[in-house]
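These are the residues of each chain, in order.
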Amino acid sequence: MKTMRNVSLKKYTTFKIGGRAKVIYFPENEEELLKLAARLNKKKLLILGNGSNILFSDHGFDGKIISTRRLDKIKRKGNKVFCEAGVNLFSLCHFCAEHGLSGLERLYGIPGSVGGAIVMNAGAYGCEICQLISKIKVVKNGVISEREVQNFCYRKGPLCEGEILVSAVFNLKKGKKEQILALQSEIFEKRKQSQPYSLPSAGSIFKRGKDFFPAQLIDEWKLKGKKIGGAEISSQHAGFIVNADNATSSDVLALICEIERMARAHGYNFEREIVIIE
Ligand SMILES: Cc1cc2nc3c(=O)[nH]c(=O)nc-3n(C[C@H](O)[C@H](O)[C@H](O)COP(=O)(O)OP(=O)(O)OC[C@H]3O[C@@H](n4cnc5c(N)ncnc54)[C@H](O)[C@@H]3O)c2cc1C
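In this text the structure is predicted, and so the values were computed from the model without any measurement.

Criteria and cut-off values
- By convention here, each chain's residues receive numbers from 1 onward along its written sequence.
- Side-chain atom pairs in this predicted model are given and counted only at pLDDT of 80 or more, local residue features only at pLDDT of at least 70, and totals for whole chains, interfaces and linings cover all residues.
- To obtain the side-chain values, all non-hydrogen atoms of the structure were included, while hydrogens and water were left out.
- Note on pairing: two strands pair once DSSP finds at least 2 bridges between them.
- Strands are runs of DSSP state E lasting at least 2 residues, helices are runs of H or I lasting at least 4, and numbering of each runs from the N terminus.
- Only the stretch in contact is used when fitting a helix axis, every axis being a line fitted to C-alpha atoms; angles between N-to-C directions are given from 0 to 180 degrees.
- Any two residues whose heavy atoms approach within 4.5 Å are treated as being in contact.

(A) Representation of the sheet that holds strand β11 (residues 133-140) within the structure. With antiparallel pairing, five strands are arranged side by side in an open sheet as β6-β7-β13-β11-β12. The open sheet has two free edges, formed respectively by β6 (74-77) and β12 (143-148), since each of these has just one partner strand. Across the sheet, the mean angle separating the axes of adjacent strands is 15° when strand polarity is ignored. In this sheet, strand β13 (residues 164-171) lies alongside β11 in antiparallel orientation, the contact comprising six bridges. Of the residues in β13, the one forming a bridge with K137 is S167.

(B) Spatial organisation of the environment of F26. Examined against the element boundaries, F26 turns out to sit in strand β2 (residues 20-26). Along the backbone, F26 and R70 are 44 residues apart, and their C-alpha atoms lie at a distance of 6.3 Å. For F26, the residues in contact, after removing those within four places along its chain, are M1, K2, M4, Y12, E32, S67, R69 and R70.

(C) Layout of the sheet that holds strand β15 (residues 201-204). Strand order in this open sheet of four strands is β15-β18-β17-β16, and the pairing throughout is antiparallel. The outermost strands of the open sheet, each flanked by one partner alone, are β15 and β16 (227-228). Note: β15 against strand β18 (residues 240-243), two bridges, orientation antiparallel. Bridge pairing in β18 links S201 to V242. Along the sheet, helix α6 (residues 249-265) makes contact with β16, β17 (231-233) and β18, crossing β17 at roughly 30°.

Shown next, in the form of structure tokens:
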């Protein structure tokens, strides 16, 4: 199994921020993942998908990291698609279009892995990934199990504490390749117009509130474009912080705290969506 030591985490996150990781393991199949997870069970362990919803500290991470990127098998049987945790959502969407399977189009452009997307119950334009899944396979304490997906809510998938997502089965509908491709491009165009795709980020920093949108409020409070060090509140989408110029995690955290202070002053409690590893 490929193992890398003393690795810069900048290369493993879409934010391009972070110090060095002591060690990253890259299991290539379910068996390797199981053995590794059992061996590292009691250690400080982090599962890393595509790193698109994560902010690592400038001091790095001194525990063990398992990257799922080599767990990338996809298979189709009728309207069902079996997918390992490390499959990139772009690849999954391309696979579905090729096979005339519809359902995931509105998620096109979310730069995560299937595992990370299920853990976060990633969603966009009225579609959440967990709505499309019939089964998940997880490992916990060296034991593997499979179950149907029931419990999930806004930005919180069906995994329990300490579980690692190994694979999932998607239940899709038959569709026409041209129509699937057309909807994927339409969605991607919309995203590019409203979100800062040309600068490194980790997507929306805060979750939507019960009756408010943090991005809208941040915009109203005239914080768009505010900078601390190399980090900036995107002037295109106030919900995003971008790495405009060699930002550090401290720069990003300082901006997040500034927004949270402003929110509290206006009587709001913003909940963080990104995972912060300090
Ligand atoms: C430009 C941009 C646009 C975005 N747009 C959206 C959007 O529209 N909607 C949306 O919901 N999100 C969006 N995001 C955020 C992000 O892409 C999603 O949350 C994505 O699903 C995270 O997947 P990942 O593989 O990158 O997870 P990571 O960032 O690698 O990990 C996120 C969390 O999941 C855990 N994890 C990852 N894989 C596993 C696994 N196999 N088992 C157990 N735990 C695991 C990690 O430990 C971590 O806690 C966007 C991000 C960017 C940069």
